[in-house]
Amino acid sequence: LLFLVAFAATSDDAAKAADYYVPATMALAVASGTLTNLAVTLTYLREYGQLKRVLVTPLPRSSYLGSRIVAAGLVALTTCVVLGIVGLIVYDAAVQQVGMLVVAVLLTLAVGSALGVLCTVMIRSETAAAPIANAIGLPLMLASGVFFPLDSTPQWFENVARYLPFTRSVELGVDAYAGTATSTDLLAAVAVGGIWALVAGALAVRLFTWAPMKRR
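Each value, and the rule that gives it
Within each chain, residues carry numbers counting from 1 in the order of the written sequence. At least 70 in pLDDT is required for a residue's local features to be given in this predicted model, at least 80 for side-chain atom pairs to be given and counted, and no such filter applies to totals for whole chains, interfaces and linings, which use all residues. The side-chain figures draw on all heavy atoms in the structure; neither hydrogens nor water molecules are used. Throughout, a disulfide means two cysteine sulfur atoms within 2.5 Å of one another. The buried label applies to any residue whose accessible area, calculated with a 1.4 Å probe on protein chains only, is under 20% of its type's maximum; exposed applies above 50%, and partly exposed to all values in between. Only DSSP runs of H or I reaching four residues or more are called helices, and only runs of E reaching two or more are called strands; each is numbered from the N terminus. A helix's residues, less one, multiplied by 1.5 Å, set its expected span. We call two residues contacting when some pair of their heavy atoms lies within 4.5 Å. Any carboxyl oxygen of Asp or Glu within 4 Å of a side-chain nitrogen of Lys or Arg constitutes a salt bridge here. For helices, the fitted axis covers only the stretch in contact; all axes are lines through C-alpha atoms, and the angles between them, taken along N-to-C directions, range from 0 to 180 degrees. Any angle between 65 and 115 degrees counts as roughly perpendicular, while under 35 counts as roughly parallel, over 145 as roughly antiparallel, and the rest as oblique. If you view the pair so one helix is near and one far, a crossing is left-handed when the near helix is turned anticlockwise from the far one by less than a right angle, and right-handed when it is turned clockwise. Here the nonpolar group is Ala, Val, Leu, Ile, Met, Phe, Trp, Tyr, Cys and Pro; Asp, Glu, Lys and Arg are the charged ones; every other residue, Gly included, is treated as polar.

Novice: Which residues make up the state of the cysteines, and what values go with them?
Specialist: Across all of its chains, the model carries zero disulfides by this definition. Among the cysteines around Cys 119, which has no disulfide bond, Cys 80 carries the closest sulfur, lying 20 Å off. The buried category is assigned to Cys 119, whose relative accessible area is 3%.

Novice: Could you give an account of helix 9 (residues 183-207), with specific residues and numbers?
Specialist: Relative to the 36 Å expected for 25 residues at 1.5 Å per residue, helix 9 spans 35 Å between its end C-alpha atoms, a close match to the ideal helical length. Along helix 9, the residues that are buried comprise Ala 188, Ala 189, Val 192, Gly 193, Gly 194, Ala 197, Ala 200 and Ala 204. Those residues of helix 9 hidden inside the fold are in contact with helix 5 (98-122) and helix 8 (167-178).

Novice: Kindly report on the pattern of salt bridges, identifying the contributing residues and their values.
Specialist: Here the structure, examined in full by the defined rule, presents three salt bridges. Of the charged contacts in the structure, one is a salt bridge between Arg 162 and Glu 158, with a shortest N-O distance of 2.6 Å. Take Arg 162: its relative accessible area is 22%, and that puts it in the partly exposed class. Judged by its relative accessible area of 11%, Glu 158 is buried. With a closest N to O distance of 2.8 Å, Arg 162 and Glu 171 form a salt bridge. Within the structure, one salt-bridge network assembled from shared partners comprises Glu 158, Arg 162 and Glu 171.

Novice: Talk me through the environment of Gly 84; I want residue IDs and the actual numbers.
Specialist: Relative to the elements of secondary structure, Gly 84 occurs in helix 4 (residues 61-91). For Gly 84 and Val 146, which are 62 residues apart along the polypeptide, the C-alpha to C-alpha distance reads 16 Å. Among all residues touching Gly 84, those that are not within four sequence positions of it are Val 22, Met 26 and Tyr 177.

Novice: Give a description of unusual backbone geometry that names residues and reports values.
Specialist: Located in the positive-phi region is Asp 92, a residue other than glycine, with phi close to 60 degrees. We classify Asp 92 as exposed; its relative accessible area is 63%.

Novice: Give me the packing of helix 2 (residues 14-47) against helix 4: which residues, what numbers.
Specialist: With their axes 9 Å apart at the nearest point, helix 2 and helix 4 run at an angle of 160 degrees to one another. Between helix 2 and helix 4, the angle is such that the two are roughly antiparallel. Crossing of helix 2 against helix 4: the hand is right-handed. Classifying every residue of the contact of helix 2 with helix 4 by side-chain character gives 18 nonpolar, seven polar and one charged.

This is the structure in structure tokens:
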């Protein structure tokens, strides 16, 4: 909410800026609420032995890990609803293509969750969890057009950014608010986001560890 208000306040036309920054801050909320949240939370639980204890219970591993992902996703989705309501009431920013926006949010949710679990593989201690998660997540969000439109960047940067995990989903969400999202935009977002989610998810399943890396 603070990001949304700040971005709109620094623009010459707050209402017009809100059409961009409402869906952009939704993407920020979902990406940080999944990638950063899961990376930090799961690392802490792993290093303090909580995940290891799950292995000696009848609860399936997939159920426990899935519940963590669902919980993070629900918080992120709730934030999106709040942002949408505030954007509508304060800035009169209404989404024109609800279905496209839902797809954009769900894609961001899937990619962020997969990357969040995968990030735990690279984090070896709980003290490093937040710095490393932010060092990975923030540049990805920055380069995905969350904080500023990519059309204001050099062409080479925009071309590279379109293959990053969240860029296509952010663009789809922004276009959904403007009512200009097309089937081509949808397919591009699903293709790029889907590949990132599948690859990151497969690596996470293969490499994720339940035992502490430092505390033995």
